[in-house]
Amino acid sequence: MTQVRPTLAASASLWERDEELAAVEGALDTLCADNSSSGSLLVLRGEAGLGKTALLAETRRIAESRGCTVWSARGSETLSSVPFNVVRQLLQPALLSLMPEEAREYLGDWYDIAGPALGITDPGERQADPQGVCDGLVAAVRRLARRDWPLVLLIDDAHWADQETLRWLAAFSEHVGEQNVLVLVARRPGEIGGDSARHLDTVAAAGSSVATLSALTPDATAGLTRATLGVHADAPFCREVWAVTGGNPYETVELLAKVQDSEFEPTESAAGELRALNREARGGGLVARLETLGIDATRFAWAAAILGTGISVDLVAELATMSPDEAVRCAALLRTARILTEPDPAGVQPDDGELQFVHPLIASAVYNSIPDALRTAMHGIAARVVTDNGHGAAVAARHLLEVHPDDDEELVEQLREAAREHLAVGAPDAARRCLERALLEPPLPAVHAHVLHELGCATLLTAPARTIDHLQTALAMPGLEGDERVDAVCRLSQALLHNNQVEEAVRTVEAEAARHPAGPARLRLQAVQFMWEGIHAGEAASPGRSTRLAELARTCTGRDNPERALLILRGFDAMARGENAEEVAELCDRALVNGRLAPGLGWTDPQWGIELPMMLASAYAYTDRLDRAEALYNEALRAYESAGWSGGHLSLAHAYVGLGLRRRGRLREAEASLRKSLALAERVGRRLPLHWSATCNLVDTLLARGHVQEAWEIAEEYGFAPPYPSTIVLPDPRSVRGRLLLAVGRTKDGINELEAAEKAADVRGHHNTVLVPWAVDLARVLASEDPARAARLATEVRRQAERLGTDTAIGEALRCAALLETGQRAVRLAEQAVAYLEASPCLYEHAAARVEYGIAARSSAELRRGITLARSCGADGLVLQAEAALALR
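Residues numbered from 1 in each chain as written. Predicted model: local features only at pLDDT ≥ 70, side-chain atom pairs only at ≥ 80, totals over all residues. Heavy atoms only, no water.

Caption draft 1: Broad picture of the pairing of strand E1 (residues 40-45). Summarising burial for E1: 5 of the 6 residues are buried, a large majority. When E1 meets strand E4 (residues 181-187), the two strands line up parallel, connected through 6 bridges. Residue Leu42 lies in a different strand from E4, and its bridge partner there is Leu184. Both E1 and strand E5 (residues 209-212) contribute to a ladder of 4 bridges, which runs parallel. Considered in E5, the bridge of Leu42 is made with Ser209. (Buried < 20%, exposed > 50% of the residue type's maximum accessible area, 1.4 Å probe, protein only. Helix = DSSP H or I, 4+ residues; strand = E, 2+ residues; numbered from the N terminus. Pairing = 2+ DSSP bridges.)

Shown next, in the form of structure tokens:
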């Protein structure tokens with residue numbers, strides 16, 4: 001802050017802002033230098049009136065003088081509940097300037113995902129995935145930045161931005177260095193908490209420059225005073241201006257404007273008038289000044305504050321119940337009084353209307369001055385006005401949220417419709433607010449349970465505990481019947497599962513199934529019960545579950561989805577128990593329609609969820625039907641990517657694609673897919689089943705590659721250690737961690753972990769030696785210290801493998817047996833293992849068998865074949881092992 005007076009072109013609020021402007025100039029230099037240069041993010045922090053908006057305006061002026069494209073948006077205290085409000089302001093004008101086909105071309109696959117949130121296309125029928133919409137908005141800026149380089153984005157009053165915009169901004173800021181765009185974000189410190197504060201902290205952490213604005217010094221205030229009122233303003237007067245305003249640039253400018261209007265001389269004798277003048281420019285003084293303009297002007301200002309955005313004379317006139325001529329006169333009065341002004345043409349948005357408040361401080365003061373009862377009533381009228389003017393239920397909802405409960409049946413329906421619109425564009429929090437407000441009305445008895453059901457659906461993935469309360473209450477009330485009731489029970493059980501209440505989830509669907517006669521509804525509930533029992537890793541399964549499931553599935557032909565679900569569940573259970581693979585595949589095949597998932601059982605179909613197709617694909621994967629498994633896993637990936645589901649669903653899809661690639665032996669590709677899965681899982685949250693799936697499979701794959709240290713580092717960084725999740729993870733995490741511990745030399749800990757895996761598998765009856773391979777690794781490590789037990793384990797592994805009957809299982813059992821033998825018996829067993837694994841689809845296991853056979857038989861040719869196979873699948877550890885053995889030949 002070396003320069004007291006700014007250049008003549010600068011506004012009064014830019015005094016002593018040289019460092020901030022220098023940062024802007026430097027960022028623009030980088031942006032404009034090369035269309036491949038990295039982007040940057042500047043954050044301006046400061047209390048109200050310290051000149052954040054003026055700095056953004058000056059940035060616009062400088063950027064446009066250099067030929068930059070500038071888009072801007074602003075948060076609003078009264079609009080923070082409107083989802084995507086700020087990001088729409090930012091991006092919508094540019095997209096609306098394109099022809100629809102051009103917009104679709106620029107956004108590509110993201111058009112149908114992000115387009116509804118941006119208001120440029122209608123939403124689809126299915127509930128949008130919030131994370132997918134967020135990623136679509138990030139992609140939209142990335143693609144538009146390439147078209148509109150050099151692009152500058154200005155976001156003012158970010159502390160009042162809606163939650164959905166802040167989520168996007170946080171996600172975008174983490175990758176801003178990869179985008180050729182300059183972003184400036186202005187915000188007040190404090191003001192907000194919760195997720196919004198967390199998102200803004202993420203933005204600040206990503207900023208290349210974070211400037212905290214301070215008040216003007218006495219010297220700068222004196223310079224500004226003399227520049228405004230004349231050089232004859234004396235020192236005591238200037239000092240009093242600083243003392244009265246605290247050096248706040250906005251208050252200083254407003255005070256000096258009042259001094260000009262009052263026409264008194266800026267001398268020490270008039271300094272005593274400044275405090276009274278300053279009170280008129282803020283808080284109660286501003287309200288008193290507004291009242292001097294008359295009741296009509298006051299009503300007009302109140303109506304403008306209620307609307308908050310899209311302030312047009314006609315709309316305000318309708319809300320304030322005044323004639324058009326009166327409205328025009330009031331608008332002129334308020335402009336003259338520096339309360340309202342016309343929007344800056346450079347930064348105008350399509351919905352800005354004809355007027356805006358001169359400063360957010362004025363807008364807040366006017367809004368808060370409206371008597372509570374009248375403000376509530378005006379919001380109710382505003383809801384009708386904006387609806388009548390074609391803005392839709394979602395826009396009206398922010399006003400309806402402010403209306404006092406009054407048994408209004410129509411209001412409940414409006415809020416339900418708004419909630420549906422919010423869900424369709426990926427704003428479940430906004431939908432939740434609407435439905436919670438609808439409950440306060442309250443709804444009519446015939447509707448009440450339906451609203452609770454809808455609320456439970458809206459909060460299912462974000463607040464399982466709250467969902468449980470809503471759905472349990474709904475089910476205890478009259479109103480939910482037939483398929484809707486069954487759906488509510490299934491969703492309740494799902495929420496209980498997410499809340500780690502697995503046994504209660506099972507009891508819930510079991511009790512409901514008992515209420516229904518034989519038929520599709522009862523069969524669906526029974527299928528859900530078996531599904532939750534099947535994926536639970538503990539002891540929640542009722543006695544004889546597998547037997548009862550087998551009996552129920554025996555009568556199923558696959559004629560409808562409940563029957564198909566039961567066939568899938570039976571197939572998965574049979575696979576996990578190690579039953580004959582041919583019979584498992586036959587059960588799974590019967591659940592398909594012409595070789596594909598039936599309508600209603602697809603990856604994005606909400607009625608059954610992701611669990612069933614995952615169980616189906618995994619049943620194929622662990623019975624050597626890898627072609628079918630990989631087709632299903634890849635179908636999941638395509639479905640979630642095209643639907644824009646980039647949260648937990650996409651993480652699981654990448655995890656299972658990685659699992660399929662790992663089973664196939666394409667270890668490099670498996671690792672890449674699993675790293676994507678883990679990155680997505682990190683965004684959703686740790687200790688969840690999807691996070692375990694990503695981590696467990698990545699550790700397993702790195703061990704197969706021979707990257708032991710890296711596997712250990714992943715396990716340490718991401719918490720791959722007990723306690724384990726309550727749901728089943730594939731492959732078995734205890735077995736994988738036991739193998740990891742052995743690999744890093746913690747033999748005793750590894751044995752303990754594998755023995756724990758043995759106990760857990762016995763509880764569940766899981767005897768598929770490929771799915772839960774604890775016995776193979778335990779037999780190998782016990783070969784020297786307890787050969788008798790190792791031999792018993794190897795014998796049992798072979799028995800179970802032959803029961804399953806797959807080439808992979810039998811080949812792995814023979815590999816285990818060979819490592820426990822010596823001489824020609826070891827060679828014969830290793831040769832047999834090669835024969836089986838050569839016929840299996842698992843390349844890595846085949847490569848390992850070749851290397852072990854080459855070592856046992858002292859065959860250089862077999863070792864070279866093993867090296868070739870190991871290199872092709874990325875098994876670097878096997879390559880080194882084989883090369884070392886070959887060097888000894």
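Caption draft 2: Examining the environment of Pro731 more closely. Here Pro731 shows up in the loop between helix H35 (708-717) and helix H36 (733-743). Dropping the residues within four chain positions of it, Pro731 is found in contact with Tyr622, Leu659, Cys696, Asn697, Asp700, Val736 and Leu771. (Contact = heavy atoms within 4.5 Å.)

Caption draft 3: Structural detail: helix H3 (residues 85-96). End to end, H3 covers 15 Å across 12 residues, agreeing with the expected 16 Å (1.5 Å per residue, within 8%). The buried fraction of H3 is high, at 9 of 12 residues. Next to the buried residues of H3 lie strand E2 (69-74), helix H4 (100-107), helix H5 (111-118), helix H6 (130-147), strand E3 (151-156) and helix H7 (163-173). (Expected span 1.5 Å × (residues − 1).)

Caption draft 4: Molecular detail of the sheet that holds E5. Spatially, E2-E3-E4-E1-E5 is the arrangement adopted by the 5 strands of the open sheet, whose pairing is parallel. Among the strands making up the open sheet, the edge pair consists of E2 and E5. Put simply, the sheet's adjacent strands are angled 15° from each other on average, direction ignored. Pairing of E2 with E3, which is carried by 6 bridges, proceeds in the parallel orientation. Residue pairing in the sheet places Val70 in a bridge with Val152 of E3. (Axes fitted to C-alpha atoms, helices over the stretch in contact; angles between N-to-C directions.)

Caption draft 5: Summary view of the packing of aromatic side chains. All chains considered together, the criterion is met by 5 aromatic pairs. Judged by centre distance (5.5 Å) and plane angle (55°), the ring pair of Trp692 and Tyr724 falls under tilted. With Trp692 in helix H34 (residues 689-705) and Tyr724 in the loop between H35 and H36, the pair connects residues that are 32 residues apart, well separated along the chain. Grouping residues by exposure puts Trp692 and Tyr724 together as buried. One aromatic cluster is present, built from ring pairs that chain together Trp692, Phe720 and Tyr724. Lying across the ring of Tyr367, Arg375 places its NZ or CZ 5.3 Å from the centre. For the cation-ring pair, Arg524 lies above Trp608, with the distance from its terminal atom to the ring centre recorded as 5.6 Å. (Phe/Tyr/Trp six-rings, centres within 6.5 Å; stacked < 30°, edge-to-face > 60°. Lys NZ or Arg CZ within 6 Å of the ring centre and 35° of its normal.)

Caption draft 6: The side chain of Lys52, seen in detail. Within the element layout of this structure, Lys52 appears in helix H2 (residues 52-65). For the buried Lys52, no salt bridge exists, and the shortest N-O distance to an oppositely charged side chain is 5.2 Å, to Asp157. At a separation of 2.9 Å, a polar atom in the side chain of Lys52 contacts the main-chain carbonyl oxygen of Gly46. The contact partners of Lys52, leaving out residues within four places of it in the chain, are Leu44, Arg45, Gly46, Glu47, Ala186, Arg187, Arg188 and Leu213. (Lys, Arg positive; Asp, Glu negative; His and termini not counted. Salt bridge = Lys/Arg side-chain N within 4 Å of Asp/Glu carboxyl O. Polar contact = N/O pair within 3.5 Å; in protein donor to acceptor, adjacent residues only side chain to side chain.)

Caption draft 7: View of the nonpolar core. Core analysis: the largest hydrophobic core is formed by 198 residues, its most contacted members being Phe300, Ile339, Phe357, Trp603, Tyr633, Val699 and Trp774. In this structure Val699 touches Ala711, Ile714, Ala715, Phe720, Val736 and Leu740, once residues within four positions along its chain are discounted. Counting residues in each nonpolar core, the second largest holds 49 residues, with Val87, Ala103, Ala158 and Ala430 among its members. (Core = buried A, V, L, I, M, F, W, Y, C linked by side-chain atoms within 4.5 Å.)

Caption draft 8: Just the confidence of the model for the protein chain, in detail. The predicted model of the protein chain averages 89 in pLDDT, with 96% of residues at 70 or higher. Element-level mean pLDDT values for the protein chain span from 73 in helix H13 (residues 283-292) up to 98 in H35. Under a pLDDT of 50 for its full length, residues 1-10 has, in the predicted model, 16 contacts with residues more than four places off or in other chains. (pLDDT = per-residue confidence, 0-100.)

Caption draft 9: Quick look at unusual backbone geometry. With an omega of -10°, the peptide bond running from Trp149 to Pro150 counts as cis. Along the polypeptide, Pro150 turns up in the loop between H6 and E3. The omega torsion of the bond from Leu730 to Pro731 falls at -10°, within 30 degrees of zero and hence cis. Its identity as a non-glycine residue notwithstanding, Thr321 has a phi of 50°, on the positive side. Structurally, Thr321 is set in the loop between helix H15 (313-320) and helix H16 (324-336). Its identity is not glycine, yet Arg858 carries a phi of approximately 55°, on the positive side. Mapped onto the secondary structure, Arg858 falls in the loop between helix H42 (843-857) and helix H43 (860-873).

Caption draft 10: Here's a closer look at helix H38 (residues 774-782). By the criterion of burial, H38 is predominantly enclosed, with 8 of the 9 residues buried. Along H38, the positions that sit buried rather than exposed are Trp774, Ala775, Val776, Asp777, Leu778, Ala779, Val781 and Leu782. For H38, the secondary structure elements touched by its buried residues are H36, helix H37 (747-764), helix H39 (787-804) and helix H40 (807-819).

Caption draft 11: Summary view of a negative patch on the surface. Residues Asp406, Asp407, Asp408, Glu409 and Glu410 make up a contiguous surface patch of negative charge. On the secondary structure map, Asp407 appears in the loop between helix H19 (392-400) and helix H20 (409-424). Take Asp407: its relative accessible area is 60%, and that puts it in the exposed class. (Patch = residues over 30% accessible without salt bridge, like charges linked within 9 Å, V, L, I, M, F, W, Y side chains within 5 Å. Areas by Shrake-Rupley, 256 points an atom, 1.4 Å probe, with all protein chains shown as cover. Charge placed at Lys NZ, Arg CZ, Asp CG, Glu CD.)

Caption draft 12: The arrangement of the state of the cysteines in detail. A full pass over the atoms with the stated rule returns 0 disulfides. Cys556 carries a free sulfur, and the closest cysteine sulfur to it, the one in Cys588, is 13 Å from it. Given a relative accessible area of 3%, Cys556 falls into the buried group. (Disulfide = S-S within 2.5 Å.)

Caption draft 13: Broad picture of the pattern of salt bridges. Applying the stated criterion to the full structure yields 61 salt bridges. When the shortest N-O distance is used, the salt bridge between Arg66 and Asp29 registers 2.6 Å. Residue Arg66 is located in the loop between H2 and E2, and its partner Asp29 is located in helix H1 (residues 18-33); the two are separated by 37 residues in the primary sequence. When its relative accessible area of 34% is taken as the criterion, Arg66 is described as partly exposed. With relative accessibility at 42%, the residue Asp29 sits in the partly exposed group. The salt bridge partner of Glu512 is Arg515, with a shortest N-O separation of 2.8 Å. With a gap of 3 residues between them, Glu512 and Arg515 both fall in helix H25 (residues 502-515), about one helical turn apart.

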